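So the chains spell out like this:
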Amino acid sequence: MNNNVDVTDIKLNVKDVKSNLQHFDWIDYGVFLFMLISCAAVGVYFGFIDKNRKRRLSASNATEIAQEYLLGGRRMTVVPVAMSLVASWISGIALLGLVTEMYTYGTQYLFVIFALILAGLLTSYVYMPVFHDLRLQSCFEYLEKRFDKRIRLFGSVLYSLHTITFLPVVIYVPALAFNQVTGIDIYIITPFVCAICIFYTLVGGIKAVVWTDCIQTFMMIGTMLIVIGKGTVDANGFGNIWNTNWAGGRLVFPELTLDPKERHSTLALLVGGTTFLICSLTFNQGMVQRYLALPTVRKARYALSIYIFTTSLLIAICCYAGLIVFTLYSQCDPLKTKLISAPDQLLPLFVMDSLGEYPGTAGLFIAGIFSAALSTLSTSLNSMAAVVLEDFYKPFVRKPLTERETTFLMKGVVFLVGIVSTTLVFVVAKLGTVLQLQVSIGGITAGPVVGAFTMGMLMPWGAFYGTVTGLIGMSWLLYKAQSDLASGDLTFPKKPVYTNNCSYSFASDACSNQTRTEIADDGSFKIHHVSYLFYTIIGAAITIVTSTIVSLILDNGYGSDPMLFSPIIRKFITIPQHMPIVAQDRNEKDCTVHVHTFALQDNKVQ
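Residues numbered from 1 in each chain as written. Predicted model: local features only at pLDDT ≥ 70, side-chain atom pairs only at ≥ 80, totals over all residues. Heavy atoms only, no water.

*Asks:* Any details on the overall build of the chain? Residues and values, ideally.
*Replies:* When you go through the chain residue by residue, the secondary structure sums to 20 helices and six strands. Every one of the 606 residues in the chain was classed for burial, and the buried ones make up 56%. In the chain, the share of contacts with a sequence separation of at least 24, taken over all contacts with a separation of at least 6, comes to 83%. About 25500 Å² of surface is accessible on the chain, with carbon and sulfur atoms providing 64% of the total. (Helix = DSSP H or I, 4+ residues; strand = E, 2+ residues; numbered from the N terminus. Buried < 20%, exposed > 50% of the residue type's maximum accessible area, 1.4 Å probe, protein only. Contact = heavy atoms within 4.5 Å. Areas by Shrake-Rupley, 256 points an atom, 1.4 Å probe, with all protein chains shown as cover.)

*Asks:* Outline the packing of helix α13 (residues 285–292) against helix α16 (residues 361–393), listing residues and values.
*Replies:* In the contact formed by α13 and α16, the axes pass within 9 Å of each other and the chain directions differ by 85°. Taken together, the axis directions place α13 and α16 in an arrangement best described as roughly perpendicular. Facing Gln285, Gly286, Gln289 and Arg290 of α13, the residues of α16 in contact are Thr379, Asn382, Ser383, Ala386 and Val387. In the contact of α13 with α16, the residues fall into two nonpolar, six polar and one charged. (Axes fitted to C-alpha atoms, helices over the stretch in contact; angles between N-to-C directions. Parallel < 35°, antiparallel > 145°, perpendicular 65-115°, else oblique. Nonpolar A, V, L, I, M, F, W, Y, C, P; charged D, E, K, R; others polar.)

*Asks:* For the state of the cysteines, give the residues involved together with the corresponding values.
*Replies:* Throughout the structure, instances matching the rule amount to one disulfide. Cys332 shares a disulfide with Cys502; S-S distance 1.9 Å. In this structure the cystine formed by Cys332 and Cys502 twists about its S-S bond by roughly 110°; its chirality is therefore right-handed. Of this pair, Cys332 sits in the loop between α14 (297–329) and α15 (346–355) while Cys502 is found in the loop between α19 (464–487) and β2 (504–505), placing the two residues 170 residues apart along the sequence. For the residue pair Cys332 and Cys502, the accessibility class agrees, reading buried in each case. We note that Cys39 lacks a disulfide partner, and the nearest cysteine sulfur, in Cys197, lies 8.0 Å from it. Classification of Cys39 as buried rests on a relative accessible area of 0%. Distance from the sulfur of Cys139, which forms no disulfide, to the nearest cysteine sulfur (Cys279) is 9.5 Å. (Disulfide = S-S within 2.5 Å.)

*Asks:* Tell me about the pattern of salt bridges, and please be specific about residues and values.
*Replies:* As enumerated under the stated definition, the model contains eight salt bridges in all. Put simply, Asp234 and Lys230 hold a salt bridge, and the shortest N to O gap is 2.8 Å. Of this pair, Asp234 and Lys230 both sit in helix α10 (residues 186–234), separated by four residues, roughly a single helical turn. Pair check on accessibility: Asp234 and Lys230 agree, each one buried. Note that Lys394 is salt-bridged to Glu390, the shortest N-O span being 3.1 Å. Note on Lys394: relative accessible area 37%, which makes it partly exposed. When its relative accessible area of 6% is taken as the criterion, Glu390 is described as buried. Through salt bridges with shared partners, a single ionic network connects Glu144, Arg152 and Asp391. (Salt bridge = Lys/Arg side-chain N within 4 Å of Asp/Glu carboxyl O.)

*Asks:* Describe the side chain of Thr379, naming the residues involved and giving the relevant values.
*Replies:* Examined against the element boundaries, Thr379 turns out to sit in helix α16. The contacts of Thr379, once residues within four sequence positions are left out, are Ser88, Val209, Asp213, Gly286 and Arg290.

*Asks:* Could you give an account of the packing of aromatic side chains, with specific residues and numbers?
*Replies:* Following the criterion strictly, the structure yields 19 aromatic pairs and no others. On the basis of an interplanar angle of 35° and a centroid distance of 5.2 Å, the ring pair of Phe32 and Phe178 is categorised as tilted. Here the residue Phe32 occupies a position in helix α2 (residues 26–49), and Phe178 occupies one in helix α9 (residues 149–182), the gap between them amounting to 146 residues. Neither Phe32 nor Phe178 differs from the other in exposure class; each is buried. Consider the rings of Phe464 and Tyr465, whose centres lie 5.6 Å apart with planes at 75°: the pair is edge-to-face. Accessibility expressed as a relative area gives 18% for Phe464, which makes it buried. Take Tyr465: its relative accessible area is 41%, and that puts it in the partly exposed class. (Phe/Tyr/Trp six-rings, centres within 6.5 Å; stacked < 30°, edge-to-face > 60°.)

The values are spatial; any link to function lies outside them.
And the structure:
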């Protein structure tokens with residue numbers, strides 16, 4: 001335990017220490033409320049005050065109103081969009097989870113930054129240009145253009161199910177941290193905070209989402225810089241942090257092994273991690289909307305480059321915070337002493353222990369954690385409005401919406417999904433079943449989605465049957481993996497922790513510092529025992545191989561517009577004779593688009 005806790009001749013017990021660490025005063029509440037009020041003010045500005053937006057909407061049709069609400073009229077600027085990308089991807093789960101990862105398993109996961117860079121390059125030059133050239137509003141619209149309506153609906157349903165089960169967990173994690181440092185029940189704080197987020201997302205559209213994300217990103221980074229700055233001082237400098245973590249076995253490189261069962265090997269991080277991150281960066285509706293909110297591919301690439309740099313910096317900061325936490329608690333593990341009940345409470349415990357005596361710092365930390373959650377929530381709400389409008393309504397209803405009906409539908413979706421997500425937080429708190437469902441659905445759906453889009457942009461045949469097969473295959477794999485984890489047949493070795501130098505008393509148990517390792521009973525290979533980072537690439541491989549075989553048997557290749565393929569292979573595509581090619585010439589200054597149609601003769605554009 002940190003020496004900031006006062007200890008008399010008689011040691012405090014763990015319950016007293018826990019009570020002493022809950023000192024959230026009025027300044028902390030003020031800082032937290034200021035963050036929420038600032039976000040609401042941004043929504044009010046873009047929803048009711050922005051004169052340029054009002055002028056554009058007054059002369060717009062239903063399509064232009066939807067583009068304004070979902071894509072900012074494709075007139076957004078690079079830096080706010082880049083910061084919004086960061087905020088959308090980094091949730092409170094990531095901020096707290098990275099610290100826990102370093103404390104429990106060591107620094108291997110830090111090297112995922114290399115996978116992030118590789119995934120960013122592939123996104124920039126292979127996948128992103130296709131979405132931009134087609135000027136889509138929903139990424140799943142691509143699947144219908146390239147394949148058919150069935151696979152578009154299939155992808156949209158999977159995305160919606162994943163989003164609705166993911167959002168309650170995103171909200172629950174910071175609410176639990178807030179409860180830890182204040183004692184206020186999550187049933188009180190959750191509806192209040194979610195109502196603010198639903199409000200500014202509903203009234204302000206994507207512009208409010210992007211600009212609040214921008215504020216929240218800087219708040220996240222600022223908060224974590226303060227945390228690691230004070231933590232470095234408390235830990236007696238970087239040298240002591242390095243030595244303690246080296247002695248504790250936390251400073252470890254990924255294993256150079258081809259064994260796919262190794263949790264964070266070099267192979268798992270670079271191959272599996274890259275594939276997983278491509279799904280997050282490229283085939284996530286929230287991310288695609290931000291790319292398309294910028295007028296050109298070049299600006300979208302600039303935004304993605306800033307995002308990769310900033311996210312890598314934030315990952316490194318959080319990992320360093322995890323090393324600090326281990327340094328301070330290496331001889332008195334708060335999980336074994338029951339000072340905290342879950343590993344993800346390590347960072348909030350450290351903040352209250354180290355910074356709690358400084359007015360406003362605890363409030364700033366909680367504001368930063370909630371900022372990460374609110375940015376993810378607002379992005380997902382806006383994305384769901386796009387999916388419902390573009391994928392669930394327009395393809396099935398012939399009657400076009402009026403301007404008023406379009407606005408009502410989009411805002412109604414934001415409101416309803418927000419209410420459902422808030423309600424499901426209480427299910428997470430009571431049962432915990434939604435958390436397991438969200439993790440499982442994420443692992444099940446990512447691979448087939450990557451496989452479908454990759455086939456669409458890089459391969460000249462269909463993907464529906466392969467996508468269904470990939471979903472079934474990954475469902476089986478996830479079921480078997482979760483069953484073995486529950487039974488103890490699949491475990492991962494954790495680094496040792498100790499309780500031999502605590503400054504407070506606690507009820508001791510007979511638990512050991514040793515962690516049971518994975519059982520290698522007969523040496524046989526079990527595919528469901530592979531690292532979780534390989535799940536996406538396995539699902540994608542099942543999808544691609546199955547689709548290829550079915551296409552060869554049924555001869556159901558798709559002759560498509562070359563604009564539906566990635567730029568890196570367009571020159572290799574044989575286009576049917578006399579097929580018109582539509583090209584777009586976009587003016588960066590006024591965002592106008594000039595459409596040109598070319599004739600084709602002997603596979604050459606005339």
